[in-house]
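# Structural overview for review
Each chain, written out:
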Amino acid sequence: QVQLVESGGGLVQPGGSLRLSCAASGRIFSINAMGWYRQAPGKERELVATITSGGSTNYADSVKGRFTISRDNAKNTAYLQMNSLKPEDTAVYYCNAWINWERSWGQGTQVTVSS
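Notes on the structure in this doc start here. (Residues numbered from 1 in each chain as written. Predicted model: local features only at pLDDT ≥ 70, side-chain atom pairs only at ≥ 80, totals over all residues. Heavy atoms only, no water.)

## Section: the overall build of the protein chain
Rules: Secondary structure elements are taken from DSSP: a helix is a run of H or I of four residues or more, a strand is a run of E of two residues or more, and numbering for both begins at the N terminus. Radius of gyration here is computed from C-alpha atoms only, and the compact-globule reference equals 2.2 Å multiplied by the residue count raised to the power 0.38. Accessible area is worked out with a 1.4 Å probe on protein chains only. A residue is then buried under 20% of its type maximum, exposed over 50%, and partly exposed in between. Surface exposure here means Shrake-Rupley accessible area, sampled with a 1.4 Å probe, where a residue is shielded only by the protein chains that are shown.
A count of helices and strands for the protein chain gives zero helices and eleven strands. The secondary structure elements of the protein chain, listed N-terminal to C-terminal, are β-β-β-β-β-β-β-β-β-β-β. Taking 115 residues into account, the globule formula puts the C-alpha radius of gyration at 13 Å, and the protein chain, at 13 Å, falls close to it. Taking the principal axes of the C-alpha coordinates as reference, the protein chain spans close to 45 × 25 × 25 Å. A buried classification covers 42% of the 115 residues belonging to the protein chain. Accessible surface computed for the protein chain: about 6200 Å², of which carbon and sulfur atoms make up 46%.

Given below as structure tokens:
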């Protein structure tokens, strides 16, 4: 059984920054792509950013130039550095990873951008 645990969410003012972490634990043989998704109230879950095991990244247009995804393979952890946050970034952020050739999700962490 594997587990993904997100941390780092919270309340931040517009223009501020937050860093999310996603740690994988359990019986892990392989972690391929990892990613972050978000879901705002009344909206569908959407892709924010992904990163392959080799470090190739992909971003949603809405976050390009503001968010940076990274990972530490030795720690089985992915990160999302979020800068220049906007109110429209407010959402529950979910970590996603292909672990042992199966897709796993974290429980989510709330990010609220408000003055």
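Still to come is the rest of the account.
## Topic: the pairing of strand β9 (residues 91-99)
Rules: At least two DSSP bridges between two strands are required for those strands to pair.
Of all nine residues in β9, seven are buried, a share of seventy percent or more. For strand β4 (residues 31-39) and β9, the ladder comprises seven bridges, and the chain directions are antiparallel. Paired with M34 across the strands is A97, a residue of β9. Taken together, the three bridges between β9 and strand β11 (residues 109-113) define a ladder with antiparallel strand orientation. Its bridge partner being in β11, Y93 is matched across the sheet by T109. Pairing of β9 with strand β10 (residues 102-105) involves four bridges; the strand directions are antiparallel. Bridge pairing links A97 to S104 in β10. Connecting the antiparallel pair β9 and β10 is a turn made up of two residues, with N100 showing a positive phi of about 55°.

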